[in-house]
Each structure stands twice: as structure tokens, then as C-alpha cells.
Amino acid sequence: MAIQKTEKIWHNGKLIPWDSAQIHVMSHVVNYGSSVFEGIRCYAPPAGPAIFRAQEHTQRLLDSAKVYRIDVDFTREELIAGMVELIKHNGVWPCYMRPIVLRGYGEAGVNPFNSPTEVFICNYPWGKYLGSDAEQGVDVCVSSWTRIAPNTLPAMAKSGANYMNSQLIKMEAIINGYVEGIALDANGYVSEGSGENVFIVRNGILQTAPLGNSVLPGITRDSVLQIARELGIPVVEQGIPRELLYLADEAFLTGTAAEITPIRSVDKISVGKGVTGPVTKAVQKEFYGIVHGDNPDRFGWLTPVPVGSKQPVSV
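Residues numbered from 1 in each chain as written. Predicted model: local features only at pLDDT ≥ 70, side-chain atom pairs only at ≥ 80, totals over all residues. Heavy atoms only, no water.

Regarding the overall build of the protein
Stage number 1. Each helix and strand in the protein was counted, giving seven helices and 18 strands.
Stage number 2. Viewed in the frame of its principal axes, the protein has a C-alpha envelope of about 50 × 50 × 30 Å.
Stage number 3. Per-residue burial for the protein yields a buried fraction of 52% across its 315 residues.
Stage number 4. Here the contacts in the protein between residues at least 6 apart in sequence split such that 69% fall between residues at least 24 apart. (Helix = DSSP H or I, 4+ residues; strand = E, 2+ residues; numbered from the N terminus. Buried < 20%, exposed > 50% of the residue type's maximum accessible area, 1.4 Å probe, protein only. Contact = heavy atoms within 4.5 Å.)

Okay, here's the thing in C-alpha cells:
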């Protein structure tokens, strides 16, 4: 999906023109992939734009930076205030937000400590990541590329370098005619797709891989777990063998971009009856009801953005 340019980008505490958000080709991040980032959605409920789980996303950004020993000169609250300021100024919502913390232009070589830290926040319109009909189900495959193993790269950090693995998984899926690919961890258990977490339902029990399976601690993943427990759906966090994908009654992907997307088939094998199942529908209904303002924000997930009379953009 092409990026739609907006007016300003937040950079180190100031709003700058979109086209001025540039880095040097010899920046550490270009040569060695030293960045951490987030993907955050701002929805458009009737009461006005609201950022989904801004606190948790921003904390994960800072946690990722801490793992890689990247010093960030802004607090969680300052970064959230930057997001609010950016949305208000650009007048663009619903939207996707991309905060990035990177190591910039300083020294050559792998040693990162003498490269300055740069912080950017962008926002732009973005619709359904997996297509307008994705809520009806998508076809996925198990990739020949596996998810990074523990103690190779920090899987709990959302770093740019980790997504080289995700790119291989995504490209393989596209080349083979699928929407998404699902990775396996070092032990052959399902961990996640090219950025999303994976859930299955079997015999009424909702199951997803534990964080020890090299999965990213997804914010939408956590949201689904909260909703499921409130609905009284039994939840188990344990490894998912590949064959359980074929034997599941239901399966779905979660992620900021994918939101909650049912899986219709895996490796051309139908999941259940090949349609969205009742557990997935129940979780979807509660999730979308909250973010679209149809249900109360009982979990405190939405950060309102005070705006004037500008209307939301169409996506």
C-alpha cells in the first residue's frame, strides 16, 4: 500500500516538512539496521480521533530501545504528546502512525555508541493492510524461512533488523500466491507471521504461542487476550505445532496493521469450514466495537486527540 504524503513529520520534538525528514546515507541505521519502531493506529470514533493503546505502544518502543542500548531523550508522555500534536496539525485521521528511533550519522563501524539518536514520528492515511475483504478471511502458507530463534536477535524488541526475516517470509508468501506467510521457531512451532501474531481455536479453546517462542509481544495480541478472558473464552499460551494449523476449528492473525484477520486456509488446507468462526467473530465484534466507538472503552485503550472542525480523511 503506497504511503500518502502528509504535511509535517515530528522530529526530535519539532514539526518539520515531510520532505525535510532525511538522513545521511552513511547513517548507522542504513549500514547496520540500528532502529526500533512502532506501528500505531489512530481511529475515528464519533467522539473524535483516538489513538489505540498509545501508552503500551510507546512503552514498547522505549523498551525496544533499551534492549539495544539506544538512549532516547524523550519520555513516554512526551512522545505521546508528539503524536497528538502531529495528528492535530496534519488533520489526518483515521491514520497509521510510525514512530522511529534510529542511530544516525556519526562514525563508521559496527560500534554504535558514538552515533546520535534520531526520533521521528510520521502519520498518514492507511486502510486495510491485507485488503478490503480481509475480514472475511485470508489464505496463508507456512514459510520455508523460520522465525528468528531465541538468543540470535532480541525477538521481543521491535527492531528494523528483525524485519529482514519478515521480508523473506512475506515475499515467499506473495510469490506463491498467498496473502501472508507464517513462520516457525527453532523448535518447529508456529511463532508469528511477517509481523503478526497467530491464534487458533480448537474445541472452544483459544491458543497462541508464548513469548518464549520468539514472538513479538503484540499489543493487539494482548487486546485479544483481554477480550477473550472477559468473554469467558478459555485461553492457553503454548507452542502451536504446524499440523495444528490444519486441524484448528478457527485461526486468525492479529497486529496493528492486520487488526484481527481470520485465516481461511493454510497451505491450501481449509481451516475449519473455511469461514470466519464464532470465536473469531465474537472477538472481532468487541475489538471493532471499542475502536470505532460503538462500545464503551472499558479497557481504557483510546487516547483522544482534541481537534477542531476538520473532517476525517477517507481511506
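Considerations on the pairing of strand β8 (residues 138-142)
Every other side chain in a regular strand lies on the same face of the sheet, so the side chains alternate between the two faces.
Stage number 1. β8 sits mainly inside the fold: four of its five residues count as buried.
Stage number 2. For β8 and strand β16 (residues 259-266), the ladder comprises three bridges, and the chain directions are parallel. Within β16, the residue paired with Asp139 across the bridge is Ser265.
Stage number 3. Summarising the sheet, β8 and strand β9 (residues 180-184) pair through three bridges and their orientation is parallel. Paired with Cys141 across the two strands is Gly181, which belongs to β9.
Stage number 4. A crossover connection joins β8 to the parallel β9 through helix α4 (residues 163-175); in handedness this β-α-β unit is right-handed. (Pairing = 2+ DSSP bridges. Right-handed = clockwise from strand over helix to strand, strands pointing away.)

Description of the packing of aromatic side chains
Stage number 1. Under the definition given, this model contains ten aromatic pairs.
Stage number 2. Here the aromatic rings of Phe52 and Trp301 are separated by 5.7 Å at their centres, their planes lie at 85°, and the arrangement is edge-to-face. Of this pair, Phe52 sits in strand β5 (residues 50-52) while Trp301 sits in the loop between α7 (278-291) and β18 (302-304), and the two are 249 residues apart along the sequence.
Stage number 3. Residue Phe52 is classed as buried on the basis of its relative accessible area, which comes to 3%. (Phe/Tyr/Trp six-rings, centres within 6.5 Å; stacked < 30°, edge-to-face > 60°.)

Quick word on the pattern of salt bridges
Stage number 1. Inspection of the entire model under this criterion finds 14 salt bridges.
Stage number 2. In this structure, the salt-bridge partner of Arg53 is Asp222, at a minimum N-O distance of 2.9 Å. One end of the pair, Arg53, is in the loop between β5 and α2 (54-67); the other, Asp222, is in helix α5 (residues 219-231), with 169 residues separating them in the sequence.
Stage number 3. In this structure Arg53 comes out as buried when scored by relative accessible area, which is 5%.
Stage number 4. Between Glu237 and Arg229 there is a salt bridge; the shortest N-O distance is 3.5 Å. (Salt bridge = Lys/Arg side-chain N within 4 Å of Asp/Glu carboxyl O.)

Here we look at the packing of α5 against α7
Stage number 1. Across the interface, α5 lies against α7 with an axial gap of 10 Å and an inter-helix angle of 110°. With respect to α7, the axis of α5 lies roughly perpendicular. Judged by the sense of rotation from one axis to the other, the crossing of α5 with α7 is right-handed. Between α5 and α7, the contacting residues are Thr220, Val224, Ile227 and Leu231 on the first element and Ala282, Val283, Glu286 and Phe287 on the second.
Stage number 2. Partitioned by chemical class, the residues of the contact of α5 with α7 number six nonpolar, one polar and one charged. (Axes fitted to C-alpha atoms, helices over the stretch in contact; angles between N-to-C directions. Parallel < 35°, antiparallel > 145°, perpendicular 65-115°, else oblique. Left-handed = near helix turned anticlockwise from the far one by under 90°. Nonpolar A, V, L, I, M, F, W, Y, C, P; charged D, E, K, R; others polar.)

Some words on the nonpolar core
The tendency in soluble globular proteins is for nonpolar side chains to be buried as a group.
Stage number 1. Ile51, Leu79, Ile87 and Met97 are the most contacted members of the largest nonpolar core, which has 25 residues in total.
Stage number 2. Elements with a contribution of two residues or more to this core: β4 (40-43), α2, α3 (76-90), β6 (95-103) and β7 (117-124).
Stage number 3. With six residues, the single largest contributor to this core is α3.
Stage number 4. Leaving out residues up to four positions away in the same chain, Met97 has contacts with Glu38, Gly39, Ile40, Ile51, Met83, Leu86, Ile87, Ile121, Cys122 and Asn123. (Core = buried A, V, L, I, M, F, W, Y, C linked by side-chain atoms within 4.5 Å.)

Notes on the packing of α2 against α3
Stage number 1. Contact geometry of α2 with α3 gives a least axis separation of 10 Å together with a crossing angle of 120°. By the angle between their directions, the pair α2 and α3 is classed as oblique. Helix-helix and strand crossings are classified by hand; for α2 and α3 the assignment is right-handed. Facing α2, whose interface residues are Ala54, Gln55, Thr58, Gln59, Leu61 and Leu62, α3 presents Arg76, Glu77, Leu79, Ile80 and Met83.

With respect to a nonpolar patch on the surface
Stage number 1. Side chains of Ile23, Val25, Met26, Val30 and Tyr105 sit close together on the surface and give an oily, nonpolar patch of about 490 Å² of accessible area.
Stage number 2. On the basis of relative accessibility, which here comes to 47%, the residue Val30 falls in the partly exposed class. (Patch = residues over 30% accessible without salt bridge, like charges linked within 9 Å, V, L, I, M, F, W, Y side chains within 5 Å. Areas by Shrake-Rupley, 256 points an atom, 1.4 Å probe, with all protein chains shown as cover.)

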